[in-house]
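Chain and residue survey
One-letter residues, chain by chain:
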Number of protein chains: 4
Amino acid sequence: MTELQAPAGRRDPGGAEPISVAIVGATGYGGGELLRLLERHPWVRIAALQARGREDESIAGSHPHLARTGHRVDDALPAGVEAVFLALPHGAAAGMVPALIEQHAAIIDLGPDFRLSDPADYPRWYGFEHPRPDLLARAVYGLPELHRQEIAALADEPVRIVGAPGCYPTATLLAIAPLARAGLIADVVVDAKSGASGAGREAKAELTFSEVNESVRAYGVGGHRHVAEMEQELRRLGWADLQPVDFLPHLVPMTRGILAACHVRASRQVSQAELDDLYSEAYGAEPFVDVVGTAPATKHVSGSNYCRVHVRADERTGRVLAIGVLDNLVKGAAGQAIQAFNILFGLPEQTGLEQLPLSP
Amino acid sequence: MTELQAPAGRRDPGGAEPISVAIVGATGYGGGELLRLLERHPWVRIAALQARGREDESIAGSHPHLARTGHRVDDALPAGVEAVFLALPHGAAAGMVPALIEQHAAIIDLGPDFRLSDPADYPRWYGFEHPRPDLLARAVYGLPELHRQEIAALADEPVRIVGAPGCYPTATLLAIAPLARAGLIADVVVDAKSGASGAGREAKAELTFSEVNESVRAYGVGGHRHVAEMEQELRRLGWADLQPVDFLPHLVPMTRGILAACHVRASRQVSQAELDDLYSEAYGAEPFVDVVGTAPATKHVSGSNYCRVHVRADERTGRVLAIGVLDNLVKGAAGQAIQAFNILFGLPEQTGLEQLPLSP
Amino acid sequence: MTELQAPAGRRDPGGAEPISVAIVGATGYGGGELLRLLERHPWVRIAALQARGREDESIAGSHPHLARTGHRVDDALPAGVEAVFLALPHGAAAGMVPALIEQHAAIIDLGPDFRLSDPADYPRWYGFEHPRPDLLARAVYGLPELHRQEIAALADEPVRIVGAPGCYPTATLLAIAPLARAGLIADVVVDAKSGASGAGREAKAELTFSEVNESVRAYGVGGHRHVAEMEQELRRLGWADLQPVDFLPHLVPMTRGILAACHVRASRQVSQAELDDLYSEAYGAEPFVDVVGTAPATKHVSGSNYCRVHVRADERTGRVLAIGVLDNLVKGAAGQAIQAFNILFGLPEQTGLEQLPLSP
Amino acid sequence: MTELQAPAGRRDPGGAEPISVAIVGATGYGGGELLRLLERHPWVRIAALQARGREDESIAGSHPHLARTGHRVDDALPAGVEAVFLALPHGAAAGMVPALIEQHAAIIDLGPDFRLSDPADYPRWYGFEHPRPDLLARAVYGLPELHRQEIAALADEPVRIVGAPGCYPTATLLAIAPLARAGLIADVVVDAKSGASGAGREAKAELTFSEVNESVRAYGVGGHRHVAEMEQELRRLGWADLQPVDFLPHLVPMTRGILAACHVRASRQVSQAELDDLYSEAYGAEPFVDVVGTAPATKHVSGSNYCRVHVRADERTGRVLAIGVLDNLVKGAAGQAIQAFNILFGLPEQTGLEQLPLSP
């Protein structure tokens, strides 16, 4: 690898030039959401939509709803883009990123390849050896509410990689981060529910409408990969004697939305007032996290980058319930990636993410 | 109350006379399912469909799908029926049952009024004083898999009342009864998901299609009434130092189905082989409970009286996951009531409940 | 072909021997419904479940909801079964049937290969030359409401083939047959809506939950294959100067159900009273067709073999609206096939089809 | 009525002052969508959200997803707003508008009270006498694609009332306006499908999730009110010898979206090339209408102000099929109202409506 020069760094929002970006893996659901949002981002110029095996194909072929954008999809990726969003299956980004880094592109990876800082987690949870542990070490876990400063600090680095969090970890971590930071968790059961778009776009027999509709089922019993991220971040938040997170995801018959119900056995007695203070302090200034007083519905954040968090001390059981809801394709994927991108480029964090939720 | 005589008792399935039954609260979803199933029950004659305020109204008005049955609904309830199924809001059955008992009718109550043996539970969980604690003491909790003998023994009693379990308790108890009986539960988090029919048929703003569709939300945070039943039965199963059950139900966008995911902290290390033995022993001979090796979907039991149970020891967390799924309107309501009725009248337990699940 | 002997003919319902049947194409949705219903059919013994490439596989693999039946699926088909139900893609049955006929099996084909009596229709609508026009000529279109006598008459024939109608033609023909027979149709627009199970079970990108949910779209614009059947039968009903049927199907976000709205320009003024008489006469004695006074919902017949028909003279437009609804997998496929089977074997027509609709 | 002065007229988009607007009927679905969109409209200041019986209530009470806007709802309507959007049941706006006109407010009415220019249509279709036929005569039917000039011309009028079209008429008229204008329609069957949000927000038994889910049904058989608008506009488009429109709406199990399939018997032979030219000419420059080459899905426009139109000459039948799809709450209600508002105030027509569709 040649010596990397310092990047262009932060962008002056008053400047004239938009930031040129590429979307890799543009034909999936994550790619579609990136396009939907970035197309309206006032500081972005979409330089390329990439997808394997496509040759100058109209975007209408993969995303009919975005036909008006007039973009085209191609296998090739032009050189010289300033930022690359990758929306790929695990293992694929790790192979592409080194070359992009050489071209001085900032990387925002929506997949898991740069989320875990311990290289040993990749063979364990994802079944592959990470090819570049040195890059892993420089990547930042892109949850702005926990790592805003580190994302911003990347601006001055020659290697700029954000590993944008998974959908389940985002909902879970935002729900219980204040508890973890306060040392209040003895153990936690995370029971999560997701819409079908979280499973991606590939045609699979178990994801056809007739199979998913009018049904609920758990999956990933005994160890969903997202547990790795959750435990990494809970440990970083100060949960020293971390107990393994008991995480169970469910597929529910809806397209978008995640709800993570976090059942916490508290390490000590805690009052609702104390919880209210903790959460208000943690999220009072956050642009995309709302603490709400009643159990939130995923519909309340659909299509938007907002996450809603609800926390409740249960006097009868002595336990704490924390719920997080978000749109898995926005705050759980494309929106969060753009939020990190904004921070990295010194733009106001909400740029391009101002859309209000769509309901009903 | 006049002295009650012994009832007709068990029915000889080879006998000529069908059992005359009435359905009280016939216009709701529970009532509709009772009619759908009892109409095809070879040992039953439906003598009356009752609903408050109706006057000789065609069944097509409330249950268009059952128009072919030709039944009519009326406010009045004829005397002399042998068994009465009650599908009413809480508090209503308690008021009606004494008179029916005087008429020597066997009672199968689908509501909560005769489920809890401790009268103090009614003001606490349901907000009313139970008017007849003496009848409570004689009622049997109608979960055949736990109380088959007691239901059958009612046949010889002058007072025959079955309090058919709630939908959530049925799914939960069938999922974890073997663990409770074996003393394996240190504490349990029950995270449940239900279709909208569980909320009944009343028109409410939060249950319109536009609000429920494409959304998931928790409700009943901090104490759903069904906890009372769960804890009563878990204690009866031998969990002496019962910890309060952490129960959280969710509304998911489907019509039928309940899934209860029971996250158990075990009281000691337990292997999958031991769990397999426990569950096989508990349910191997049960006509309506199937232990399955992969996480079950609610769709696999839709429209039927079957419950599927899945249990898994998680080596990583040291915890046990037990899942129960059923159709909330059948095994969670009408079907289970008929199952208890069959036992009470000495009929083969599966009579009238032979329908296979409807899928997709 | 060797000389065929007369078949066993009609079955005496009081006889001791059940009829041995096989289901070919048992792993699809049509096959699953056949199994669900035939398993509870009192005169049937399921001798074999066949599906290409399967080797003694548990039914739980393809139809988890039917695991209790304990059946197994195999590629091989045993000789000697009395009746074979075929649930196969078009073109496949035509190849298999001759050998089955040689074995004296009665054939009930759920696919299109034996529905059209004019061999020229196959290359035109289905893109293949029919290999056995001689068998086509002996097959009966299996809509009992139109061809009951012909189906029954097959019992005495050496070649017994029923081509069970498609789902759309069944809903359409039952809705407008009385009008066609009375010569009342000048032209007709059939605008139909189907649940996703009608598209079969194959995993296709456009049939995933995320694509189908919260969306409606037309398909088959300019000529859906089912038009061929509709026009064949409308001509047979006496519509001599048949105008091409304008048929447009839609995919709606539900699993089961078909609604065919037939917009008829009448050949002369017609009153509601006249329509009521026509339909009452046509269907008053039909076991599975109900004429209803208000626009029916597909939910009113779900899981059952019933079809509901509604007809309305519109004074303002001078036109006639006829609507038919049914469950595409039951009256539109498996149930109807069993209904024809019952007729063919001299059994009461409703045998095994007594299930009431499942609603909500 | 005092003499009305000329209004402020067109707004200079470069000017400093936003336009103050009020939303009347803010708690319904139409009101919610108006708020969602107007809150992000760069030229608008929301001065008031009105709803009957509310007293300084948080918007979170009626629209939890819009809690972040911080608005409050009140029964009172402040004087002096420049534009009022009314989202009310029929009959209600007609009573309120006169006073608002006196206050020089521009009116954009999402209900039917100012859509029909013939006062006789109100008793006939809506069951009330219109109180102000003089205002009716000055109102403009707010379909920009048909009446753009007339909406813009209102800017200089003392009475400015836009009667924004209904959802079904918008989809229908955009689908067939080019045919009507070219004199190509002999008669037309409009078979439409709508999501449940089109029925409004009131809790009704037939709109609960359990009733709507997994079901399709027609409604409004024999004369839906929207026919009046359709026929008025088709006549204006030049269809002199208008035949009554055969219109049939259906409720399908989705929340948003309308699809109108218009089955046209053409007045003469017409080729696909001619249709392509007609539609390209009609809509080539339209900001919100896209002519597409394959049958469109409602999902392709969800959450956006776009309408997609597909037209096809059917050689086999000699008929023409025209399909229009849109989001009933946006292009069918709030978005279209804002589009007209933009025109009326001289703003770029797409202002505040730039959101791309949300899919999947």
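Let us look at the structure shown here. Since we're looking at a predicted model, the values are computed, not measured.

1. What about the nonpolar core?
Phe85 and Phe341 of chain C together with Leu34, Phe85 and Phe341 of chain D are the most contacted members of the largest nonpolar core, which totals 111 residues. Excluding anything up to four places from it in sequence, phenylalanine 85 of chain C contacts Val21, Ala22, Ile23, Val24, Leu34, Leu38, Ile108, Leu110, Ala337, Ile338 and Phe341 of chain C.

2. Focus on the relation of the copies chain D and chain B
Between chain D and chain B, the superposition needs a rotation of 180° and an axial shift of 0.0 Å, giving an RMSD of 0.0 Å. The two molecules are tied by a two-fold rotation axis, judged by turn and shift. A shared interface surface links the copies, since 100% of the contact residues of chain D are contact residues in chain B too.

3. Looking at the pattern of salt bridges
Residue and element names in this part refer to chain A. Within this structure, the stated rule accounts for 84 salt bridges over all chains. Taking the shortest distance from any N to any O, the salt bridge between glutamate 229 and arginine 115 comes out at 2.6 Å. Linking glutamate 229 in helix α9 (residues 226-236) with arginine 115 in the loop between β6 (106-109) and α4 (121-126), this pair joins segments that are 114 residues apart in sequence. An identical accessibility class is assigned to glutamate 229 and arginine 115; each is buried.

4. So, the interface of chain B and chain A
In this assembly, 46 residues from chain B lie in contact with 46 residues from chain A. Of all residues in chain B, Glu214, Val216 and Arg316 of chain B bury the most surface against chain A, accounting for 19% of the area lost on that side. Across the salt bridge formed by arginine 265 of chain B and aspartate 187 of chain A, the nearest N and O atoms sit 3.9 Å from each other. Counting across the chain B and chain A interface gives 26 residue pairs in polar contact (both at pLDDT 80 or more). The residue inventory of the side of chain B that touches chain A, partitioned by class, reads 20 nonpolar, ten polar and 16 charged.

5. As for the relation of the copies chain B and chain A
Once turned by 180° and shifted 0.0 Å along the axis, chain B lies on chain A with an RMSD of 0.0 Å. When you check the interface residues of chain B against chain A, 100% turn up at the interface there too, and the contact is symmetric in its surfaces.

6. Describing the side chain of threonine 27 of chain B
Residues and elements named next belong to chain B. Within the secondary structure, threonine 27 sits in the loop between β1 (19-24) and α1 (29-38). With relative accessibility at 16%, the residue threonine 27 sits in the buried group. Apart from the residues lying within four places of it in its own chain, the contact partners of threonine 27 are Ala51, Arg54, Ser62, His63, Val73 and Arg201.

So, how was this worked out
Residue positions are given per chain, counting from 1 as you read along its sequence in written order. Labels are handed out in written order, letters beginning with A for the chains and numbers beginning with 1 for the ligands. Two thresholds apply to this predicted model, a pLDDT of at least 70 for residue-level local features and 80 or more for giving and counting side-chain atom pairs, whereas whole-chain, interface and lining totals are computed over all residues. Computation of side-chain values covers all heavy atoms of the structure but excludes hydrogens and water. We call a set of buried Ala, Val, Leu, Ile, Met, Phe, Trp, Tyr and Cys residues a nonpolar core when their side-chain atoms join them within 4.5 Å. Residue burial is assigned from relative accessible area. The probe radius is 1.4 Å, only protein chains are included, and a residue is buried under 20% of its type maximum, exposed over 50%, and partly exposed in between. Contact criterion: two residues are considered in contact whenever any of their non-hydrogen atoms come within 4.5 Å of each other. A least-squares superposition brings the copies together, and it is based on the C-alpha atoms of residues with pLDDT no lower than 70 in both. We define a salt bridge as a side-chain nitrogen of Lys or Arg found within 4 Å of a carboxyl oxygen belonging to Asp or Glu. Here a strand is any run of E in DSSP of at least two residues, a helix any run of H or I of at least four, and the numbering for each starts at the N terminus. As used here, buried area is the combined drop in accessible area, with a 1.4 Å probe, of two parts when they are placed together. Any pair of N or O atoms that falls within 3.5 Å is considered a polar contact. Within protein, one atom must be able to donate a hydrogen and the other to accept it, and sequence-neighbouring residues count only if both atoms are side-chain atoms. Amino acids are sorted into nonpolar (Ala, Val, Leu, Ile, Met, Phe, Trp, Tyr, Cys and Pro), charged (Asp, Glu, Lys and Arg) and polar (every other residue, Gly among them).

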